[in-house]
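If you want the building blocks of each chain, they are given just below.
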Amino acid sequence: MTIKGSCCCGGVRFELFEPPAMLGVCHCSRCRKAGSEAYVYVRAEAFRWLAGRDLLTRYRPKPPHRFTRTFCKRCGASLGDPESGRILAIAANCLDDDPGIRTTFHEYLPDKPAWEDEPR
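Since we're looking at a predicted model, the values are computed, not measured.

Engineer: Help me out: how do you make sense of the side chain of Ser78 in this one?
Structural biologist: The topology assignment puts Ser78 in strand S8 (residues 78-81). Judged by relative accessible area, Ser78 falls into the buried class, the value being 4%. Each residue touching Ser78, except ones within four places of it in the same chain, is listed here: Ala34, Gly35, Ser36, Thr70, Phe71, Ala91, Asn93 and Cys94.

The following block contains the structure:
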């Protein structure tokens, strides 16, 4: 099974070689402001860059926050944290194919804005 992914302009492309282990939705303000709330989690060995690594830029937050965010320099698409270690958090909005998994958890529900529908 191969799941392809890309940014809005198509300059950054990647693929996953196995289905994600989880799909989670984070409702914190940082994830909303980064342009992505849903993430799939995959083993680093199951991820491969196809194109566009030179188009990546990263935002490293100040402590106590720890998650780096990666974006395409050209179109600004949020890619999650695809170089974070053994388990990668990939922004689900960048997947071009169905990952074959549905939401398995929600986090930071108390931070959910009033305009956002309740998770099912």
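Having seen the structure, we can now continue with the description.
Engineer: Before we go on, may I ask you to explain the confidence of the model for the chain in this structure?
Structural biologist: Low pLDDT marks regions whose predicted coordinates should not be analysed in detail. Summing up the model confidence of the chain, the mean pLDDT is 89 and the portion of residues at 70 or higher is 98%. Ranking the helices and strands of the chain by mean pLDDT puts strand S1 (residues 3-6) first, with 98, and helix H1 (residues 29-34) last, with 79.

Engineer: Just checking my understanding: could you explain the pairing of strand S9 (residues 87-91) for this structure?
Structural biologist: Residues in a regular strand project their side chains so that they alternate between the two faces of the sheet. S9 sits mainly inside the fold: four of its five residues count as buried. Two elements, strand S4 (residues 38-43) and S9, share five bridges in a ladder whose sense is antiparallel. In the sheet register, Arg43 faces S9, and the bridge partner there is Ile87. Bridge analysis of S8 against S9 gives two bridges, and the strand direction is antiparallel.

Definitions and limits used
Residues numbered from 1 in each chain as written. Predicted model: local features only at pLDDT ≥ 70, side-chain atom pairs only at ≥ 80, totals over all residues. Heavy atoms only, no water. Helix = DSSP H or I, 4+ residues; strand = E, 2+ residues; numbered from the N terminus. Buried < 20%, exposed > 50% of the residue type's maximum accessible area, 1.4 Å probe, protein only. Contact = heavy atoms within 4.5 Å. pLDDT = per-residue confidence, 0-100. Pairing = 2+ DSSP bridges.

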